[in-house]
Every structure is written in structure tokens, then in C-alpha cells.
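Notes for the structure review
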Amino acid sequence: MFILEKLEAAVAERGDASLAISGGSTPKMMFDAMAAAEFDWSRVHVFWVDERPVPPEHEQSNYRLAQEHLLGPAQIRHVHRIQAELPPDHAASGYSRELRAFFQLAERGLPQFDVIHLGIGSDAHTASLFPGEPMIEDRDGLAAAVYVEKLGQWRITLLPGVLLAARDVAVLAAGPDKQEAVKHILHGMFSPLDYPAQLVTRRTLPSAFFLDKASLS
């Protein structure tokens, strides 16, 4: 499995590994497979790409999804969740501080995750960077609270500079509702303000796309 291979290589090279995961319905099967694999998670630190503004036990929580399908079954202990039960700005600033502390960053440094797992929405959003979001042009910040007008909801999300700095990015998309988004992301004119997931198509470091037939038809 791509993500586990990259994490294993990182542990062998540097002694530990860092992984940022996304939520949504698509990664459930992937999380189940990762949890069932014979893999040593003791040196892997798990973070989140984005989170909804809810407590960790809430049904909409990305943390809860991961806890039920990956963290709990695999008994992962090094967990760095977004404190999304706090006001969004506080949650984002707290998460930025945790990233700076864990990665021992200089004032304007960016963390370099070993792997970031991303999804694609039917509107081509990734992380919680939706079309038209001004933060799509931010290359210096770590995390921010963004208001998603179409959902009427705040989100806390990693920012583009972090996505671009990762050693590897794994993008997972499935279903016919992703066809138009995938077409624009992979083959359309580069316009990440309109198609945010295009951000990771022009990285200097690798991005791997895992797409089912329905999303490509």
C-alpha cells in the first residue's frame, strides 16, 4: 500500500514518520485496510488535513472517522488532532503552534510531512480549500479557519504551502460525481482558485493520484 510503504521508508531513514489524513466517506475502506495491515505504527505521528468545527465525538468529526476506522483498530498512539471544539480561530492557531513545535520550525518555516492524504470534492475542493477561497493563494501559513459559504460552516484546514512541502501526497477520489472535477484538475487550464485540488498537480515533489473508473469515465 502506497502510504504505508512511504511511512515505512521514512521510519527507516529518519526514525519516525508523519502522516496527515483527510476525512469524508471515501477513505473509510482505505483506513480499514491500513488498520488491518501488518504494520508497526509505533513510530508514526498522525495529524489531520482539515476538520469540521465539532467535538471529537461528533458524527461529523474527521477525528471520529479516523478513530473508528484507523486509530482505534491499529492502536495508534501518536495522535495530533485539531482541537475543533474550540472557536475556529483558536483551533487553527493552536494547531499551527503544535505543528511548529513538532516539526521544530523556524518562524517562517513549513512542516514537511512524509505523507499527506487528500481527497477531492465534486467541486474540486481539497482539504477545506473550496473554490474562491482567498487562502488558496497563501504559501506561508500553516493552518487557518476558513468560512465555507456554500456549507454555512467554518472549517480548520492546512494551507497550500504545507500541502506543497510534503515529501509525498496521495490523492484519493472515487465515484461518478467526481468526473468533472477530476477532468479539470488533471487536464484543465491551471486555475487553483477555481479548482483547488490543482494545487498538488504542479508540485516539485511527487503527488500520486488513486482514482476509480467511475471518477475517470
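To keep things clear, this report deals only with the structure shown in the data block. (Residues numbered from 1 in each chain as written. Predicted model: local features only at pLDDT ≥ 70, side-chain atom pairs only at ≥ 80, totals over all residues. Heavy atoms only, no water.)

**Observations concerning the nonpolar core**
Grouped together as the largest cluster of nonpolar side chains are 64 residues, with contacts concentrated most on L7, W41, F113 and I116. If you tally residues by element for this core, the top one is helix α3 (residues 62-74), at six residues. (Core = buried A, V, L, I, M, F, W, Y, C linked by side-chain atoms within 4.5 Å. Buried < 20%, exposed > 50% of the residue type's maximum accessible area, 1.4 Å probe, protein only. Helix = DSSP H or I, 4+ residues; strand = E, 2+ residues; numbered from the N terminus.)

**Here's the deal with the packing of aromatic side chains**
We describe a pair of aromatic rings using the distance from one ring centre to the other and the angle between the two ring planes. In the structure shown here, the tally under the stated rule is nine aromatic pairs. Ring centres 5.3 Å apart and planes at 80 degrees place the aromatic pair F47 and F113 in the edge-to-face group. Residue F47 is found in strand β2 (residues 44-48), and its partner F113 is found in the loop between α4 (88-103) and β5 (115-119); the two are separated by 66 residues along the sequence. Grouping residues by exposure puts F47 and F113 together as buried. Ring geometry for W48 against Y63: centres 5.6 Å apart, planes inclined by 50 degrees, an arrangement best described as tilted. Of this pair, W48 sits in strand β2 while Y63 sits in helix α3, and the two are 15 residues apart along the sequence. For W48, a relative accessible area of 0% gives the class buried. Following the ring pairs from residue to residue traces out a cluster consisting of F47, F102, F103 and F113. The ring centre of Y63 lies 5.8 Å from the NZ or CZ of R81, which sits over that ring. (Phe/Tyr/Trp six-rings, centres within 6.5 Å; stacked < 30°, edge-to-face > 60°. Lys NZ or Arg CZ within 6 Å of the ring centre and 35° of its normal.)

**Examining helix α1 (residues 2-14)**
In a regular helix each residue adds 1.5 Å, so 13 residues correspond to 18 Å; α1 covers 18 Å between its end C-alpha atoms and thus fits that length. All of the buried residues along α1 are I3, L4, L7 and A10. All buried residues of α1 lie within an arc of 125 degrees about the axis, which places them on one face of the element. Facing away from the buried side of α1 by over 90 degrees, the exposed positions are E5, E8, A12 and E13. Those residues of α1 that are buried are in contact with β1 (17-21), α2 (28-36), β2, β5 and β8 (168-173). Positive phi shows up at G15, right after α1, with a value of about 95 degrees. (Expected span 1.5 Å × (residues − 1). Arc of directions from axis to C-beta. Contact = heavy atoms within 4.5 Å.)

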